[in-house]
There are 2 protein chains.
Amino acid sequence: MSETTSKNAVVLLSGGLDSATTAYLSASQGYTLYALTVDYNQRHKCELEAAKRVAAAIGVRQHIMFPLDLRLFGGSSLTSEMEVVKYVPLEKIGQQIPTSYVPARNLLFLSLALAFAETVNAETVFIGISATDYSGYPDCRPEFIEAFSETAQLATAAGVSGRSIRIETPLIGLSKKETILLGLSLGVDYSLTHTCYDPLPDGKSCGRCESCLLRRRGFEEAELPDPLMQKYV
Amino acid sequence: MSETTSKNAVVLLSGGLDSATTAYLSASQGYTLYALTVDYNQRHKCELEAAKRVAAAIGVRQHIMFPLDLRLFGGSSLTSEMEVVKYVPLEKIGQQIPTSYVPARNLLFLSLALAFAETVNAETVFIGISATDYSGYPDCRPEFIEAFSETAQLATAAGVSGRSIRIETPLIGLSKKETILLGLSLGVDYSLTHTCYDPLPDGKSCGRCESCLLRRRGFEEAELPDPLMQKYV
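What comes next is a walk through the structure. (Residues numbered from 1 in each chain as written. Chains lettered and ligands numbered in written order. Predicted model: local features only at pLDDT ≥ 70, side-chain atom pairs only at ≥ 80, totals over all residues. Heavy atoms only, no water.)

**A closer look at the overall build of chain A**
Applicable threshold: Only runs of H or I of at least four residues qualify as helices and only runs of E of at least two qualify as strands under DSSP, and these elements are numbered from the N terminus. Note on method: radius of gyration uses C-alpha positions; expected globular size equals 2.2 Å times residues raised to 0.38. Burial here depends on accessible area, computed with a 1.4 Å probe over protein chains only, as a share of the maximum for the residue type. Under 20% is buried, over 50% is exposed, and the range in between is partly exposed. Between two residues, a contact is recorded if the distance between any of their heavy atoms is within 4.5 Å. Calculation of accessible area relied on Shrake-Rupley with a 1.4 Å probe; when residues are assessed, cover is drawn exclusively from the protein chains displayed. Charge assignment in this entry is limited to Lys and Arg as positive and Asp and Glu as negative, and neither His nor the chain termini are counted. One atom stands in for each charge, and that atom is NZ of Lys, CZ of Arg, CG of Asp or CD of Glu.
The secondary structure content of chain A amounts to seven helices and five strands. When the helices and strands of chain A are read in sequence order from the N terminus, they spell out β-α-β-α-β-α-β-α-α-β-α-α. At 17 Å, chain A has a C-alpha radius of gyration in line with the 17 Å of a compact globule built from 233 residues. Principal-axis analysis of the C-alpha atoms gives chain A an extent of 50 × 40 × 30 Å. Within chain A, the fraction of its 233 residues that count as buried is 60%. When contacts within chain A are restricted to residue pairs at least 6 apart in sequence, those whose partners lie at least 24 apart make up 75%. For chain A, the exposed area adds up to about 9,000 Å²; of that, 50% sits on carbon and sulfur atoms. Across chain A, the mean location of the 21 positive side-chain charges is 4 Å away from that of the 26 negative side-chain charges.

Right under this line is the structure:
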């Protein structure tokens, strides 16, 4: 990893495939990294352990595990007793907003990342969202990120003083296959990550939720084995 | 209070003078109210009790006290050991961003309110910010609210489906005096509220922080007694 700059960046690290790739990519660009993982009382809490593994593998300066209990609001299959939908035909994923949509989640995560960035003088926030091979969430679209960036500028003392904080979405245009190939070129160990929305009590992935289906297709298209494969049921 | 509509609104209720006035105003417009108070581990935690008193006085449908530990980030005299500035000359308040600025606070609060609004089908979020007689926070300006409204539309399933959630800032152009007169016309009992950033252990207001100074001037200009006056040191 290059250490040519000492610029700071905050990276949102869920513990999934996309955020791990994004974290490795930002590290490869020489940033000193501040990782932020949000414990939103999600159904798949085991992703928090994955985030710790990834942060340790990269060697971040600081890793904050931020509690944000979105079950207080509910409204999603990830934050309530609503069922996680399984076996959605792949060609239908992304065509409508699924029950796993969590109200205002990325807006909240980016706002937290912005607050963190402001306090550690970071110039960039990295978020591993993708608008390709995605689940149809409104807050994964480039137009949302553009609007957020403008709002961030107006919301902060940093923005007012001309020291604006950039939001970077390096995976926004990549397919899952392309993300995996990028990650492997950067040395990401995908066995550290966790993807499933509805894991079994032993942490194994269900292999059938949208999130698993998209990951599986990504590895299949890349013609590579998924190191989590043996963990699918 | 009129009950001509059964529309839902979320109101951000800090327990201060402005948010209490805003809550009464929204209730007077016939909304069914969902109050949201953020326990951000602020120095002046006693404002949370004030928020409970105000919510009870209005009779809201639901009151969520949301824990959001912004001390994990710090960066403000309200969320760290940094000292609260006292005795700022009144004419200088608002000319620069004070140490009581909390990074991205209103962005976070509005994002939480938006998530709440989406889950309870609220059409409006009320926030009692003011750009007049204010402390110079960037996230109290109308241009921030405009940008946030656009972002909110893009961030949510509600926005995508055309059911956009409006952000209302009824106090944005009012002086503190005007806010107080409005509140009294609506029956607000300001003895229930709390304003001070740096209260004494017994809950008395310091009377000298920016927030107290602005409140005191408001009541003085209105030529009315502040019911908290005896609580100033």
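Text resumes after the structure shown.
**Concerning the interface of chain A and chain B**
We apply this condition: Whenever two N or O atoms come within 3.5 Å, that pair is a polar contact, provided that in protein one can donate a hydrogen and the other can accept it, and provided that, for residues adjacent in sequence, both atoms are side-chain atoms. Gly is put with the polar residues, along with every residue not named as nonpolar or charged; the nonpolar set is Ala, Val, Leu, Ile, Met, Phe, Trp, Tyr, Cys and Pro, and the charged set is Asp, Glu, Lys and Arg.
Every contact between the two is made by 38 residues of chain A and, on the other side, 38 residues of chain B. The tally of links from chain A across to chain B stands at ten residue pairs in polar contact (both at pLDDT 80 or more). Those elements that provide at least two residues to the side of chain A that touches chain B are strand 3 (62–67), helix 3 (105–119), helix 4 (142–155) and helix 5 (157–160) of chain A. Residue contributions to the side of chain A that touches chain B peak at nine residues, all from helix 3 of chain A. Of the residues that constitute the side of chain A that touches chain B, the class distribution is 27 nonpolar, six polar and five charged.

**Here's the deal with the packing of aromatic side chains**
The condition that has to hold: The pairing test for Phe, Tyr and Trp rings, Trp by its six-membered ring, is centres within 6.5 Å, and the orientation test on the planes gives stacked under 30 degrees, edge-to-face over 60, and tilted for anything in between.
Within this structure, the stated rule accounts for 14 aromatic pairs over all chains. Summarising the aromatic geometry, the rings of Tyr34(A) and Phe116(A) are spaced 5.8 Å apart at their centres and angled 85° between planes, so their arrangement reads as edge-to-face. With Tyr34(A) in strand 2 (residues 32–39) and Phe116(A) in helix 3, this pair connects stretches of sequence that are 82 residues apart. By relative accessible area, which is 8% here, Tyr34(A) ends up buried. For the pair Tyr190(B) and Phe219(B), a centre-to-centre distance of 6.0 Å together with 85° between the ring planes defines the contact as edge-to-face.

**What to know about the sheet that holds strand 2 (residues 32–39) of chain B**
All names here are of chain B. Threshold: Any two strands are treated as partners once DSSP identifies two or more bridges connecting them. Note on definitions: angles span 0 to 180 degrees between N-to-C directions of axes, and those axes are lines fitted to C-alpha atoms, for helices only across the stretch in contact.
Overall, parallel pairing links the five strands, which are arranged 3-2-1-4-5 in an open sheet. The two strands at the open ends of the sheet, each matched to only one other strand, are strand 3 (62–67) and strand 5 (166–168). Geometrically, the sheet is characterised by an average inter-axis angle of 25° between neighbouring strands, direction not taken into account. Of the strands in this sheet, strand 1 (8–12), strand 2, strand 3, strand 4 (124–126) and strand 5 touch helix 3 (residues 105–119), which is tilted by about 140° from strand 2.

**Quick look at the side chain of Thr193(A)**
Residue and element names in this part refer to chain A. Of note, Thr193 is situated in the loop between helix 6 (176–185) and helix 7 (210–221). By relative accessible area, which is 2% here, Thr193 ends up buried. Among the polar contacts made by the side chain of Thr193, one reaches the main-chain carbonyl oxygen of Tyr190 at a distance of 2.7 Å. The contacts of Thr193, once residues within four sequence positions are left out, are Gly15, Gly16, Leu17, Ala20, Ala50, Arg53, Val54, Arg215 and Leu228.

**Concerning the nonpolar core**
To be explicit about the condition: Each nonpolar core is a collection of buried residues, namely Ala, Val, Leu, Ile, Met, Phe, Trp, Tyr and Cys, held together in the definition by side-chain atoms within 4.5 Å.
Ranked by internal contacts, the top residues of the largest apolar core, which has 101 residues, are Val10(A), Leu36(A), Leu68(A), Val10(B), Leu36(B) and Leu68(B). The residues touching Leu36(B), leaving out its near neighbours within four places in the chain, are Phe73(A), Val10(B), Val11(B), Leu12(B), Leu13(B), His63(B), Ile64(B), Phe66(B), Phe109(B), Leu112(B), Ala113(B) and Phe116(B).

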